[in-house]
Amino acid sequence: MLEFTAIAFSPWSEKARWALDHHRCDYRELAYEPIIGEYVLRWQMRRPFGRLTVPVLRDGDRWFGDSFDIARHAESIGRGAPLFPKDGLAEIADWNRRSEAALAAGRALLMRSWVNTRELAIAALPDRIPEALKPLFLPIGQQRLRAFMTRYAIHEHDRSPEETLTNELDALEQALGGGRYLVGDAFSYADIAMALTLQQVAPVDPRHIVRMAGLGPAGMNVPELESRHAGLIAWRDELYARHRRPGGGMA
Ligand SMILES: N[C@@H](CCC(=O)N[C@@H](CS)C(=O)NCC(=O)O)C(=O)O
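Every value quoted in this text rests on a predicted model; they were computed, and no experiment measured them. (Residues numbered from 1 in each chain as written. Predicted model: local features only at pLDDT ≥ 70, side-chain atom pairs only at ≥ 80, totals over all residues. Heavy atoms only, no water.)

Novice: Sorry, what's going on with the environment of Leu196 here?
Specialist: Residue placement: Leu196 occurs in the loop between α8 (189–195) and α9 (223–228). Given the relative accessible area of 1%, Leu196 is considered buried. C-alpha separation for the pair Leu196 and His208, spaced 12 residues apart in sequence, amounts to 11 Å. The contact partners of Leu196, leaving out residues within four places of it in the chain, are Pro11, Glu14, Lys15, Trp18, Leu103, Ile209 and Tyr240. (Helix = DSSP H or I, 4+ residues; strand = E, 2+ residues; numbered from the N terminus. Buried < 20%, exposed > 50% of the residue type's maximum accessible area, 1.4 Å probe, protein only. Contact = heavy atoms within 4.5 Å.)

Novice: For this particular structure, what's the right way to read the packing of aromatic side chains?
Specialist: Working definition: an aromatic ring pair is given by the centre-to-centre distance plus the angle between the planes. Per the counting criterion, the structure on display carries 7 aromatic pairs. Arranged with centres 5.8 Å apart and planes meeting at 40 degrees, the rings of Trp18 and Phe187 form a pair that is tilted. Of this pair, Trp18 sits in helix α1 (residues 11–22) while Phe187 sits in the loop between α7 (161–176) and α8, placing them 169 residues apart in sequence. The exposure class of Phe187 is buried, given its relative accessible area of 7%. Note on Phe68 and Tyr189: the rings are 5.7 Å apart at their centroids and 70 degrees apart in plane angle, and the pair reads as edge-to-face. (Phe/Tyr/Trp six-rings, centres within 6.5 Å; stacked < 30°, edge-to-face > 60°.)

Novice: Got a minute to help me understand the domain arrangement of the protein chain in this structure?
Specialist: How big an interface is tends to be stated in terms of the accessible area lost upon association of its parts. Looking at the assigned domains, one finds that the protein chain contains domain 1 (2–77) and domain 2 (86–107 + 151–243). Centre-to-centre separation of domain 1 and domain 2, based on C-alpha positions: 20 Å. Regarding the contact of domain 1 and domain 2, the summed buried area is about 1900 Å², with carbon and sulfur atoms giving 67% of it. Per-residue buried area on domain 1 facing domain 2 is highest for Trp12, Lys15 and Trp18; these three make up 39% of the total on that side. (Domains from an automatic or database assignment. Buried area = accessible area lost by both parts, 1.4 Å probe.)

Put into structure tokens, the structure is as follows:
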């Protein structure tokens, strides 16, 4: 059976999971454990060096380390309507690049706000510090949080993350022009990739994607962008309602 290593609340993981479910692939999802999980994967993949990101799919002795490649593999082995129609391939790859840029920008924006989230900084402190004393160590917690974020590569942007995200969302709004789908007149991976960029603006119903532990809904929400892109959020919600049943599968 396919093995899908993923982070439950991560939009990158959901891009791949949606494609796997759409194509009714039979897979087992393994929760990625930070640090330890990376060592295990590197060992199994025989890949000691280089950047390793999650999600990862294993199909026998073949490994796929990017959500786009996982989705394409799902299409090659699964059933159901194509997500990558031949004549739309270049356009879909282009939307996926936009999705990557928007997701990285959204992550940078959220992480910036997380450093200032007291509960997260306190949660980042070593367990041996007694609860009652933890508030005194807040700056250390914040420092640890910052180090964690650097690890999760807040990439250099040639623009500010706000600008990148707004730009990509404006492009999405324009391309949709009030319509339902991005490429041709059918549901494709372009819709999945771009719908997930809204997860970091306003998260979808938690029946579809669980929320990150320790963060309320406000932790994944950029209020200014949410009100600016209310139409896109409605589009995303309709896409979920139409093409994704809770727990997977396609309506
Ligand atoms: N292009 C990759 C990006 C996935 C990604 O950025 N995953 C994050 C977790 S949400 C990660 O594994 N980061 C580890 C790192 O950057 O070292 C994909 O679409 O699968």
